[in-house]
Amino acid sequence: MVRPKKNKDELASDVIPPIRVTKERKEAYKKAAKDNGFALSAWIKKVLDKEVGSQ
């Protein structure tokens, strides 16, 4: 199944620089993402958006 295309205003056009974490912390993040049905990057975005009040 193919993902539907996003509108131009929904396209990501910038990146957040890499952050340094321990291997244990990275594995914890990956597990939390998987447990919630998300890829790691999608889970990180969801958590950050929730923190700043975005959707």
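Throughout what follows, the structure given in this document is the object of discussion. Quick caveat: nothing in here was measured; it's all calculated off a predicted structure. (Residues numbered from 1 in each chain as written. Predicted model: local features only at pLDDT ≥ 70, side-chain atom pairs only at ≥ 80, totals over all residues. Heavy atoms only, no water.)

Turning next to the environment of Ser 41. Residue position: Ser 41 is located in helix α2 (residues 40–52). Remark: the alpha-carbon pair of Ser 41 and Lys 30, spanning eleven residues in sequence, is separated by 9.2 Å. (Helix = DSSP H or I, 4+ residues; strand = E, 2+ residues; numbered from the N terminus.)

Turning our eyes to something else, we now look at a nonpolar patch on the surface. Side chains of Ile 16, Ile 44 and Leu 48 sit close together on the surface and give an oily, nonpolar patch of about 290 Å² of accessible area. You can see Ile 44 is positioned in helix α2. Residue classification places Ile 44 among the partly exposed residues on the basis of a relative accessible area of 36%. (Patch = residues over 30% accessible without salt bridge, like charges linked within 9 Å, V, L, I, M, F, W, Y side chains within 5 Å. Areas by Shrake-Rupley, 256 points an atom, 1.4 Å probe, with all protein chains shown as cover. Salt bridge = Lys/Arg side-chain N within 4 Å of Asp/Glu carboxyl O. Buried < 20%, exposed > 50% of the residue type's maximum accessible area, 1.4 Å probe, protein only.)

Quick look at the pattern of salt bridges now. Under the counting rule described, the total for this entry stands at two salt bridges. With a closest N to O distance of 3.6 Å, Lys 30 and Glu 27 form a salt bridge. Of this pair, Lys 30 and Glu 27 both sit in helix α1 (residues 23–35), separated by three residues, roughly a single helical turn. Exposure remark for Lys 30: the relative accessible area of 36% places this residue in the partly exposed category. Under the relative-accessibility criterion, Glu 27 is labelled partly exposed at 46%. Between Lys 31 and Asp 35 there is a salt bridge whose closest N-O contact spans 2.7 Å. Of this pair, Lys 31 and Asp 35 are both found in helix α1, four residues apart, which corresponds to roughly one turn of the helix.

Scope: geometric values only; no functional claims are made or implied.
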